[in-house]
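The primary structure of each chain is shown beneath.
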Amino acid sequence: MKKAILIVSLIALAFLAGVALDWSLQRHAAPVPQAPSERPLPQAPVTLAQAPTPAAAPSTDLFSQLTKEQIEQLIVAAGQNAVKTAIRKAGPAVVQLEVIKQSSIRSPFHEFFDDPFWRRFFGDPFDPHRGIERSLGSGFVTEFQGQKIIITNNHVVQDATSIRITFPDRRSVEGELVGGDPFLDVAVVRLKDANAHALPTVELGDSDKIEIGDWAIAIGNPLGFQHTVTAGIISALHRDFPKPDGSGRFQDMIQTDAAINPGNSGGPLLDALGRVIGINTAIAVNAEGINFAIPINAALRVLPSLLASGRVTRAWLGVVIQELTDEIASQFGVEPESGVLIADVRPDGPSYGILQRGDIVLSVDGKPVKRVSELQQEIMYRPAGSKVQLEILRSGTRQTVEVTLGERPSEQALMGPAPSVPAQPIPQGQGVEKFGLKVQALTPELARQLNLPADAQGVVIESVQPGSRAFWAGLQVGDLIIEINRQPVKSLDDWNKLVSELPDDARLVLAIVPRGGGSTRFVPLR
């Protein structure tokens, strides 16, 4: 009887505490009732350690009384029970979304074949369904502000003309798009069903509390295989990477190795208790086990706006910002991650004339910001038109400035037209070759070729030596160098003077304008 009690106690503790092996439990000698289990316990015989002599105190280390194999079996059983419990709890609320969209593809012969005379004698040569796109995704039902809604990815339902929602029990209902947020890639769908109030829902968790190594369970409809479950762990946090369609970047994403495939988009990423911690969104191309989810806490911040107006408006400062890494921070005389670096100020933004390139933002309305994501979170969810007090460090001096926030333009508007890829720069007078770089003077003709403003100043990279410090920093032919270690570079003479004074292994931070035009950024040469 004591052996059975020990096993039950260990399973309960393993479920609550994960797979930790370094704890022990004090228990009373009185037996407790054994609860029934849906899954049989491991059947291997339990051999306890030799009983102590009557004079010795009883052992309180439960694991010391079990063999290694028995402990491993208990851990596996606890993990499997956790996953199965999470699936049973959340699974009924995970749905499949079939979406019909109007295709933007238009035949160049449409006007000709649409002529009534042609159609009278020859009929319609086109498939009547041509121009219709059909896609498949996932979503989950949850309750928010007293109503039951379906949360999914914006890219799954954007521009939808018809949405069919299928539950695990094969029941299908119609849905309608309430609103979507392309920036975060989150959307809300409402069911056209009088009995929507009776639908099963999933509990939302807290993505700020997850840690690397935590259980991660994905449920969705990959490649049309309805209600598929995969499991893994949280592999990494705070991942940023470009969106597949080129419209900006995903920010602060959860990385997991729980398998995700096309069709999983919009489905839930669950923790071991069946609570939603993320929205499965993206897959790393040509990779296996590298998948990404939007943190659920980020989605919760935009749901009120989506439900109220169908869209999300964000405030912005109109600046390009960077992390204060070790290399960059040393050139500014500050500690790493002590603030956020202003790499550029957009002329069309609300901070133009107030903030400057090289400023370091230390706090927003008195709240310290140390990472790019922290500054973004403090700004973007405020109303456009509101005022913020920014404490900044400029040339070593602290000061406070006030900025009236503007409304953030769309990602497409921010990116502008795709930058042209310049041809090989026109040979001009060359500067001193240093750090694996050959540079040349910027002429008006070269500025036009590189899509740079007519008044741009600096030196243009003519070649980058493979394997050099500049190569590993990602510098490219056509980039415009405008600063070296916070010293302006306006001409070949400036470049030659500054680099001649620096050893080959000098710690270096360049300010560059990327080839083809764009925002300034700081690049350390390691």
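Above: the structure in question.
Read on for a plain summary of the structure.

## Considerations on the packing of aromatic side chains
This model, assessed by the stated rule, comprises 4 aromatic pairs. Considering the side-chain rings of Phe241 and Phe250, the 5.3 Å spacing of their centres and the 45 degrees angle between planes classify their relative orientation as tilted. For Phe241, a relative accessible area of 16% puts it in the buried group. Ring plane angle 80 degrees and centroid distance 5.1 Å describe the contact between Phe471 and Trp472, whose orientation is recorded as edge-to-face. Clustering of aromatic rings is evident, with ring pairs tying together Phe241, Phe250 and Phe292. Over the ring of Phe167 we find Arg171, and its NZ or CZ is 4.8 Å from the ring centre. Sitting over the face of the ring of Phe250, Lys243 holds its NZ or CZ atom 5.3 Å from the ring centroid.

## Side note on the layout of surface pockets
In this model, the second largest pocket occupies a volume close to 680 Å³. Lining the second largest pocket are 29 residues, with Asp208, His238, Asp252, Ser373 and Gln377 sitting closest to its centre. Where the lining of the second largest pocket is concerned, the elements lending two or more residues are strand E8 (228-242), strand E9 (249-256), strand E12 (291-295), helix H6 (296-309), strand E17 (367-368) and helix H8 (372-380). Looking at the lining of the second largest pocket residue by residue, the class counts come to 14 nonpolar, 7 polar and 8 charged.

## Here's the deal with the sheet that holds strand E4 (residues 160-166)
The antiparallel closed barrel is built from 6 strands, whose spatial order is E1-E2-E3-E6-E5-E4. Each neighbouring strand pair of the sheet contributes to a mean axis angle of 40 degrees, computed without reference to strand direction. Pairing of strand E1 (residues 94-102) with strand E2 (residues 132-144), which is carried by 9 bridges, proceeds in the antiparallel orientation. The residue bridging Leu97 from the neighbouring strand is Gly137, located in E2. Packed on one face of the sheet, H6 meets E2, strand E3 (147-152), strand E5 (172-181) and strand E6 (186-191) and runs near 55 degrees to E6.

## Structural notes on H8
In terms of residue burial, H8 counts as a mostly covered element, since 7 of its 9 residues are buried. Along H8, the positions that sit buried rather than exposed are Val372, Ser373, Leu375, Gln376, Glu378, Ile379 and Met380.

## Some thoughts on the sheet that holds strand E7 (residues 215-220)
Strand order around the closed barrel formed by 6 strands is E7-E8-E9-E12-E11-E10, with antiparallel pairing between neighbours. Sheet twist, expressed as the mean angle between neighbouring strand axes with direction ignored, is 50 degrees. When strand E10 (residues 268-270) meets strand E11 (residues 276-283), the two strands line up antiparallel, connected through 3 bridges. The partner of Leu270 across the bridge, within E11, is Val276. Where H6 meets the sheet, it contacts E11 and E12, and its direction lies at approximately 45 degrees from that of E12.

## Remarks on helix H12 (residues 492-500)
All of the buried residues in H12 are Leu492, Trp495, Leu498 and Val499. Down the axis, H12 shows its buried residues gathered within 135 degrees of arc, on one side only. Away from the buried face of H12 by more than 90 degrees, exposed residues Asp493 and Lys497 are located. Taken together, the buried residues of H12 touch strand E21 (437-441), strand E22 (459-464), strand E23 (480-484) and strand E24 (487-488).

What counts, and at which threshold
Residues numbered from 1 in each chain as written. Predicted model: local features only at pLDDT ≥ 70, side-chain atom pairs only at ≥ 80, totals over all residues. Heavy atoms only, no water. Phe/Tyr/Trp six-rings, centres within 6.5 Å; stacked < 30°, edge-to-face > 60°. Buried < 20%, exposed > 50% of the residue type's maximum accessible area, 1.4 Å probe, protein only. Lys NZ or Arg CZ within 6 Å of the ring centre and 35° of its normal. 1 Å grid on protein atoms, 1.4 Å probe; cavity = no way out; pocket = protein on both sides within 12 Å on 5 of 7 lines; lining within 4 Å. Points joined across faces, edges and corners; volume = space filled by probe spheres on them. Helix = DSSP H or I, 4+ residues; strand = E, 2+ residues; numbered from the N terminus. Nonpolar A, V, L, I, M, F, W, Y, C, P; charged D, E, K, R; others polar. Pairing = 2+ DSSP bridges. Axes fitted to C-alpha atoms, helices over the stretch in contact; angles between N-to-C directions. Contact = heavy atoms within 4.5 Å. Arc of directions from axis to C-beta.

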